[in-house]
Amino acid sequence: MKDESSTGPVGASDSEGPYGGGSGEQSPLQARAQFLKNWSWDLVISLNRGACERGKAQHGFNQETQAQVAKRWEQKRAETFSLLELTDFLRSCHRGAPFLFFNGNTFADVGRRLSAAFLAEVPPVRLREATSAIAHYVAGVLDQDAMVELVEGLCRLSEFKVGDRVKTLRGSTQGVLVRMMKDGRVVWKPKGSQAELIASPESLLKI
């Protein structure tokens, strides 16, 4: 699918720097762009049609809400707003339920595609988790605070040192960094274990 975003990589936003600030410290969710400029409502309809085909469900419209959501969508295409505002808008479209089925999947897919293009400079492992968090927020599975914490943490390229407390990207395991390797990888010890694990810095978050 072409023309997913008019912004391209993060650096193509209205702001300077990789995440919207000259120092790189500003939240990536505050960087602004015309996210929907090349995203017509017909393109959204095609995504829903595809989701329905895969899910073996009838593709169709909610006659009570479809026109209203479509109108809001077309109005937004000319606007410049932040990535966080985009996720809120997509979540509201999901709740508006303009389609008979798979509203959450459809707008979550839009959020995943647009954020992937916008955050293209983020390492692939972290980018996959960040776009997943955004999609889950749009679909109503994740609350905003949790989504913001995940995305900002994943987009922050930490400089690790021995003794730092770290956790896996999904937060299921925590531990301590015990050694830095010459090839750039790190050695860390999970909490409650004597085992030492080797990982790339992109696969861990500093606590």
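Located above this text is the structure these notes cover.
Here is a short report on the structure shown in this document. (Residues numbered from 1 in each chain as written. Predicted model: local features only at pLDDT ≥ 70, side-chain atom pairs only at ≥ 80, totals over all residues. Heavy atoms only, no water.)

Considerations on the overall build of the chain
Here's step 1: Looking only at helices and strands, the chain has 6 helices and 7 strands in total.
Here's step 2: Going residue by residue from the N terminus, the α and β elements of the chain occur as β-α-α-β-α-α-α-α-β-β-β-β-β.
Here's step 3: Within the span of the chain, comprising 207 residues, buried residues form 43% of the whole.
Here's step 4: For the chain, the share of sequence-separated contacts (at least 6 apart) that also reach a separation of at least 24 residues comes to 63%. (Helix = DSSP H or I, 4+ residues; strand = E, 2+ residues; numbered from the N terminus. Buried < 20%, exposed > 50% of the residue type's maximum accessible area, 1.4 Å probe, protein only. Contact = heavy atoms within 4.5 Å.)

A look at the packing of aromatic side chains
Here's step 1: Counted according to the given criterion, the structure contains 9 aromatic pairs.
Here's step 2: Ring-pair connections join several aromatic residues into one group, and the members of that group are W41, F61, W73, F89, F99 and F107.
Here's step 3: The ring of F81 has K76 sitting right over it, with the charged end atom 5.0 Å from the ring centre.
Here's step 4: One Lys or Arg, K76, reaches over the ring of F89 and ends 5.5 Å from the middle of that ring. (Phe/Tyr/Trp six-rings, centres within 6.5 Å; stacked < 30°, edge-to-face > 60°. Lys NZ or Arg CZ within 6 Å of the ring centre and 35° of its normal.)

With respect to the pattern of salt bridges
Between side chains of opposite charge, a pair can form as their charged atoms come close.
Here's step 1: The full count for this structure, using the stated rule, is 8 salt bridges.
Here's step 2: Across the pair R113 and D109 runs a salt bridge, and its minimum N-O distance is 3.1 Å. Here R113 and its partner D109 are both found in helix α4 (residues 103–118), 4 residues apart, which amounts to about one turn of the helix.
Here's step 3: By relative accessible area, R113 is classed as partly exposed at 24%.
Here's step 4: Judged by relative accessible area, which is 16%, D109 ranks as buried.
Here's step 5: If you follow the salt bridges from partner to partner, you end up with K161, D164 and K206 in one network. (Salt bridge = Lys/Arg side-chain N within 4 Å of Asp/Glu carboxyl O.)

Overview of helix α1 (residues 41–54)
Here's step 1: The end-to-end C-alpha separation of α1 is 20 Å, in line with the 20 Å expected for 14 residues at 1.5 Å each.
Here's step 2: Of all the positions in α1, only W41, L43, V44, I45, L47, N48, G50, A51 and C52 are classed as buried.
Here's step 3: Contact partners of the buried residues in α1: α2 (66–76) and α4.
Here's step 4: Phi for K56, located one or two positions after α1, is positive at around 55 degrees. (Expected span 1.5 Å × (residues − 1).)

Describing the sheet that holds strand β4 (residues 174–180)
Here's step 1: The strand order across the open sheet built from 5 strands is β6-β5-β4-β3-β7, with neighbouring strands paired in antiparallel fashion. Looking along the sheet, the strands with just one partner apiece sit at the ends: β6 (197–199) and β7 (204–206). Sheet twist, expressed as the mean angle between neighbouring strand axes with direction ignored, is 45 degrees.
Here's step 2: For strand β5 (residues 186–190) and β6, the ladder comprises 3 bridges, and the chain directions are antiparallel. Looking at the pairing, W188 lines up with L197 of β6. (Pairing = 2+ DSSP bridges. Axes fitted to C-alpha atoms, helices over the stretch in contact; angles between N-to-C directions.)

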